[in-house]
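# Descriptive structure summary
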Amino acid sequence: MMINWMPLLQLSDSQFPSGAFSHSFGFETYIQQDVITDAESFKKALAAFLDRQLAFNDGLAFWLAYQEVKNGGVDLILELDHLLYASTPARETREGNQRVGKRLAKLCLDLYPSHPLEQYRKWLMEKEGYGHPALVFAVVYGSMEVSGSAALETFLFTSLSSMVQNAVRGIPIGQTDGQKILVALQPHIQKTVRRIKEASIEDLGAGSPGLEIAQMMHERLHVRLFMS
């Protein structure tokens, strides 16, 4: 399959205004607790995040939604939207995903309109759905001539890249250290792609209790750089 890489590059660019830069999704709690103190401890935490929470929540939901669109369907997207919302125990994280998801749906509909994305945004506008960035990206990529592996790998990399940029500000670590972390995690991303493809909807929602607790604790921090 010939891939038009330009939409992938645009949507995964750090300058793309998704709103993800406002959210640490619980990592700021770890920073203030001195669990994450430098580039090495952040790399270990990010690898665990990829292996557990990202793989079987956002990543698996992305893959299932992408396949639904490729197969000409759309109904599963609303079910996945509800499952992602219900399986996220931390209020700030749920609301953060909603904000980013709704913002992305509106923006991407202007840039790369499609029937599945129109339907998903209609559900959000009518409050039948909640909104989640993983589903927006899945619908957008699924409506393009993009292979499943390329789409999923791009989504996972983009998710980690956003976290790295937030770590540069929040820990802080250097930009070079951040880029080295992304290089080191590339084989882990490829391995995670294979694991996600072998999973089913029954695996959706497997979490990381430690990170979920950190996400719930975040709203009670005295000083916060991020919204979640």
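What counts, and where the lines are drawn
- Residues numbered from 1 in each chain as written.
- Predicted model: local features only at pLDDT ≥ 70, side-chain atom pairs only at ≥ 80, totals over all residues.
- Heavy atoms only, no water.
- Core = buried A, V, L, I, M, F, W, Y, C linked by side-chain atoms within 4.5 Å.
- Buried < 20%, exposed > 50% of the residue type's maximum accessible area, 1.4 Å probe, protein only.
- Helix = DSSP H or I, 4+ residues; strand = E, 2+ residues; numbered from the N terminus.
- Phe/Tyr/Trp six-rings, centres within 6.5 Å; stacked < 30°, edge-to-face > 60°.
- Lys NZ or Arg CZ within 6 Å of the ring centre and 35° of its normal.
- Salt bridge = Lys/Arg side-chain N within 4 Å of Asp/Glu carboxyl O.
- Arc of directions from axis to C-beta.
- Contact = heavy atoms within 4.5 Å.
- Axes fitted to C-alpha atoms, helices over the stretch in contact; angles between N-to-C directions.
- Parallel < 35°, antiparallel > 145°, perpendicular 65-115°, else oblique.
- Left-handed = near helix turned anticlockwise from the far one by under 90°.
- Nonpolar A, V, L, I, M, F, W, Y, C, P; charged D, E, K, R; others polar.
- Patch = residues over 30% accessible without salt bridge, like charges linked within 9 Å, V, L, I, M, F, W, Y side chains within 5 Å.
- Areas by Shrake-Rupley, 256 points an atom, 1.4 Å probe, with all protein chains shown as cover.

### Structural notes on the nonpolar core
Judged by nonpolar contacts, the single largest core of 70 residues is most densely connected at Phe-42, Leu-46, Phe-62 and Tyr-141. At 16 residues, the largest contribution of residues to this core is made by helix H3 (residues 39–70).

### Here we look at the packing of aromatic side chains
Under the counting rule described, the total for this entry stands at 10 aromatic pairs. Ring centres of Phe-27 and Phe-42 lie 6.0 Å apart, and the angle between their planes is 75°; this geometry places the pair in the edge-to-face category. Of this pair, Phe-27 sits in helix H2 (residues 27–32) while Phe-42 is found in helix H3, placing the two residues 15 residues apart along the sequence. Among the residues examined, Phe-42 registers a relative accessible area of 2% and is labelled buried. Members of the aromatic cluster, joined through ring pairs, are Phe-62, Trp-63, Tyr-66, Phe-137, Tyr-141 and Phe-155. The ring of Tyr-85 has Arg-94 sitting right over it, with the charged end atom 5.6 Å from the ring centre.

### Focus on the pattern of salt bridges
One pass over the full model with this rule turns up 6 salt bridges. Close ionic contact of Arg-91 with Glu-95 constitutes a salt bridge, the shortest N to O distance being 3.0 Å. On the criterion of helical spacing, the pair formed by Arg-91 and Glu-95 is a turn pair, its members being 4 residues apart in helix H5 (residues 91–111). Judged by relative accessible area, which is 35%, Arg-91 ranks as partly exposed. We classify Glu-95 as partly exposed; its relative accessible area is 28%. For the salt bridge of Glu-126 with Lys-122, the shortest nitrogen-to-oxygen distance reads 3.0 Å. According to the relative accessible area criterion, Glu-126 is partly exposed, its value standing at 40%. Residue classification places Lys-122 among the partly exposed positions, given a relative accessible area of 42%. A cluster of three or more residues bridged by salt bridges with shared partners is formed by Arg-91, Glu-95, Arg-99 and Glu-219.

### Points about helix H1 (residues 5–12)
Taken together, the buried positions of H1 are Pro-7, Leu-8 and Leu-11. Taken down its axis, H1 places every buried residue within 100° of arc, on the same side. For H1, exposure combined with an orientation more than 90 degrees from the buried face picks out Met-6 and Leu-9. Tucked inside the fold, the buried residues of H1 contact H5, helix H7 (133–142) and helix H8 (148–170).

### Focus on the packing of helix H4 (residues 75–86) against helix H6 (residues 115–125)
Following both chains from N to C, one finds H4 and H6 inclined at 45°, their axes separated by 10 Å at the closest point. As judged from the angle between their axes, H4 and H6 are oblique. As H4 packs across H6, the resulting crossing turns out to be right-handed. From H4, Asp-75, Ile-77, Leu-78 and Asp-81 reach across to H6, where they touch Tyr-120, Trp-123 and Leu-124. Of the residues in the contact of H4 with H6, the class split is 5 nonpolar, no polar and 2 charged.

### Topic: a nonpolar patch on the surface
Together, Ile-213, Met-216 and Met-217 make up a nonpolar patch on the protein surface, roughly 260 Å² of accessible area in all. Tracing the chain through its elements places Ile-213 in helix H10 (residues 209–218). Exposure remark for Ile-213: the relative accessible area of 45% places this residue in the partly exposed category.

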